[in-house]
Amino acid sequence: QVQLVESGGDLVQPGGSLRLSCAASGSIFSIKAMGWSRQAPGKQRELVAAISSGGSTNYADSVKGRFTISRDNAKKTVYLQMNSLEPEDTAVYYCNFVVSVATMTPLVNSWGQGTQVTVSS
């Protein structure tokens, strides 16, 4: 079983910055991909950023140039650096890890509990 613990959510003024962290623990053989998604009130969850095991990254158009996803494989941690925050970025942010727990087993997609980011003056 894989556990994910997120941190870094806070109340920040427009134009400010935050750094989210998500650390994984448990039975992990290898990490295939990591990502951050968000869900605002009344809206569907949307993918914000993802990073593969090879380091390739993808971003939602709404955050390109403002958010940066990065990882520390040794620490089994993924980060989301968020700059130039806007009120529209207000949401609960969730991390996910796609991992294998052993050789020749199906991949497992685990989610964190979410961390609140509020952008308001």
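All of the points below concern the structure found in this document. (Residues numbered from 1 in each chain as written. Predicted model: local features only at pLDDT ≥ 70, side-chain atom pairs only at ≥ 80, totals over all residues. Heavy atoms only, no water.)

Things to note about the sheet that holds strand 1 (residues 2-7)
Alright, step 1. Read from one edge of the open sheet, four strands run 1-3-8-7, paired in antiparallel fashion. Each end of this open sheet is capped by a strand with a single partner; those strands are strand 1 and strand 7 (67-72). For this sheet the average axis-to-axis angle between neighbouring strands, irrespective of direction, equals 15°.
Alright, step 2. The pairing of strand 7 with strand 8 (residues 77-82) spans six bridges and is classified as antiparallel. Note on strand 8: the bridge partner recorded for T68 is Q81. (Pairing = 2+ DSSP bridges. Helix = DSSP H or I, 4+ residues; strand = E, 2+ residues; numbered from the N terminus. Axes fitted to C-alpha atoms, helices over the stretch in contact; angles between N-to-C directions.)

Let's talk about unusual backbone geometry
Alright, step 1. The phi torsion at S84 lies on the positive side, around 50°, for a residue other than glycine.
Alright, step 2. Within the secondary structure layout, S84 lies in the loop between strand 8 and strand 9 (91-100).
Alright, step 3. The phi dihedral of M104 is positive, around 60°, even though this residue is not glycine.
Alright, step 4. Inspection of the secondary structure puts M104 in the loop between strand 9 and strand 10 (108-111).

A closer look at the nonpolar core
Alright, step 1. Within the largest apolar cluster, 30 residues are counted, with the highest numbers of intra-cluster contacts made by W36, F67, V78, L80, M82, Y93 and F97.
Alright, step 2. At the level of elements, strand 1, strand 3 (18-26), strand 4 (30-39), strand 5 (46-52), strand 7, strand 8, strand 9 and strand 11 (115-119) are the ones that each hand at least two residues to this core.
Alright, step 3. Element by element, the count of residues in this core is highest for strand 9, at five residues. (Core = buried A, V, L, I, M, F, W, Y, C linked by side-chain atoms within 4.5 Å. Buried < 20%, exposed > 50% of the residue type's maximum accessible area, 1.4 Å probe, protein only.)

Things to note about the state of the cysteines
Alright, step 1. Overall, the coordinates contain one disulfide when judged by the stated rule.
Alright, step 2. One disulfide bridge connects C22 with C95, the sulfur atoms lying 1.9 Å from each other. Measuring handedness by torsion sign, the sulfur bridge of C22 and C95 sits at about 45° and is right-handed. Here C22, found in strand 3, pairs with C95, found in strand 9; they are 73 residues apart in sequence, far enough to count as distant. By the burial criterion, C22 is buried, and C95 matches it. (Disulfide = S-S within 2.5 Å.)

Focus: the packing of aromatic side chains
Alright, step 1. On inspection of all chains with the given rule, the structure shows zero aromatic pairs.
Alright, step 2. Over the ring of Y94 we find R45, and its NZ or CZ is 3.8 Å from the ring centre.
Alright, step 3. Note that R45 overlies the ring of W111, its terminal NZ or CZ placed 4.8 Å from the centroid. (Phe/Tyr/Trp six-rings, centres within 6.5 Å; stacked < 30°, edge-to-face > 60°. Lys NZ or Arg CZ within 6 Å of the ring centre and 35° of its normal.)

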